[in-house]
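Geometric and topological summary
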Amino acid sequence: MQTRIATFVAGALATAFASLVPQPASAAPVTADVKAYGSDGCNPTSGFYDPWLDYYHYGLYNKSYYGSGGVARVVCPITRDAEDSTPEIQVSVYFNSMWALQPFSCTLWALSADGWTNAFQTKSDATLNSQGRMDLAIKGFAGGYYSLQCDIPQLGFLVSYSVKEF
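What counts and what doesn't
- Residues numbered from 1 in each chain as written.
- Predicted model: local features only at pLDDT ≥ 70, side-chain atom pairs only at ≥ 80, totals over all residues.
- Heavy atoms only, no water.
- Helix = DSSP H or I, 4+ residues; strand = E, 2+ residues; numbered from the N terminus.
- Polar contact = N/O pair within 3.5 Å; in protein donor to acceptor, adjacent residues only side chain to side chain.
- Contact = heavy atoms within 4.5 Å.
- Disulfide = S-S within 2.5 Å.
- Buried < 20%, exposed > 50% of the residue type's maximum accessible area, 1.4 Å probe, protein only.
- Pairing = 2+ DSSP bridges.
- pLDDT = per-residue confidence, 0-100.

As for its position among the elements, S39 is in the loop between β1 (33–38) and β2 (43–44). Here L60 takes part through its backbone nitrogen, which lies 2.9 Å from a polar atom of the side chain of S39. At 2.8 Å, the side chain of S39 forms a polar contact with the backbone oxygen of L158. Apart from the residues within four sequence positions on either side, S39 is in contact with Y55, G59, L60, L158, V159 and S160.

Let us look at the state of the cysteines. Applying the stated rule across the entire model yields 2 disulfides. The disulfide partner of C42 is C76, and the S-S distance across this bridge is 2.1 Å. A torsion of 110 degrees about the S-S bond marks the disulfide between C42 and C76 as right-handed. Placement of C42 in the loop between β1 and β2 and of C76 in strand β5 (residues 72–76) is noted, with a sequence separation of 34 residues between them. Neither C42 nor C76 differs from the other in exposure class; each is buried. Put simply, C106 and C150 are joined by a disulfide, and their sulfur atoms are 2.1 Å apart. The chirality of the disulfide connecting C106 with C150 is right-handed, given an S-S dihedral of about 110 degrees. With C106 in strand β7 (residues 104–111) and C150 in strand β10 (residues 145–152), this residue pair connects regions lying 44 residues apart in the sequence. Just as C106 is buried, C150 falls in that class too. Taken in N- to C-terminal order, the disulfide-linked cysteines of the protein chain are connected 1-2, 3-4.

Glancing now at unusual backbone geometry. For L155, which is not a glycine, the phi torsion comes out positive at approximately 65 degrees. Examined against the element boundaries, L155 turns out to sit in the loop between β10 and β11 (157–165).

Below, the discussion takes up the sheet that holds β7. Reading across the sheet, the 5 strands line up as β2-β5-β10-β7-β8 and stay open at both edges, with antiparallel pairing between neighbours. Every other strand in the sheet has two partners, leaving β2 and β8 (117–125) as the edge strands with one partner each. One ladder, built from 8 bridges, connects β7 with β8; its direction is antiparallel. When the bridges of β8 are listed, A110 appears paired with A119.

Looking now at the confidence of the model for the protein chain. Confidence in the prediction for the protein chain averages 78 pLDDT; 73% of positions are at 70 or higher. The low-confidence segment residues 1–29, where pLDDT is below 50, has 1 contact with residues more than four positions distant or belonging to other chains.

In this section: the environment of Y145. Tracing the backbone shows Y145 in strand β10. Given a relative accessible area of 38%, Y145 falls into the partly exposed group. Sequence separation between Y145 and P77 is 68 residues; the distance between their C-alpha atoms is 9.9 Å. Aside from chain neighbours lying at most four places away, what touches Y145 is R80, W109, A110, L111, S112, A113 and G115.

This is the structure in structure tokens:
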């Protein structure tokens, strides 16, 4: 009886330990690396504080109105971690311009390590009174970084953005 119990326990322990050993990677296709960011990580280009920007849990709001302020320009961080030497990147920006007085626009930058521009793409959505998404895409290069710059119109929201490296 003790031999059966010992054999059972030894088998159970071997199975448990085997599950802890790393297994070889499968030959599954490579998928895109996607990260989502809230707009609360974005910073105004006018300094560390902009009196017309309010940070809410659902987005960054430009509370200026006609005659009071203007378009609020912000820069948003992008973490680059693709192992490819020249990755492609797609950024989807989600915004709300339900009450906006100007178009919503963003520029995606690819820069070298010393800050020189390698590539950029700018898009603008002139559809006022809408919620939307704009997609920007560029090819990066080895050793560089990315930056997202958005112009939030008066009474507009920058809600979030997602970054896909592939």
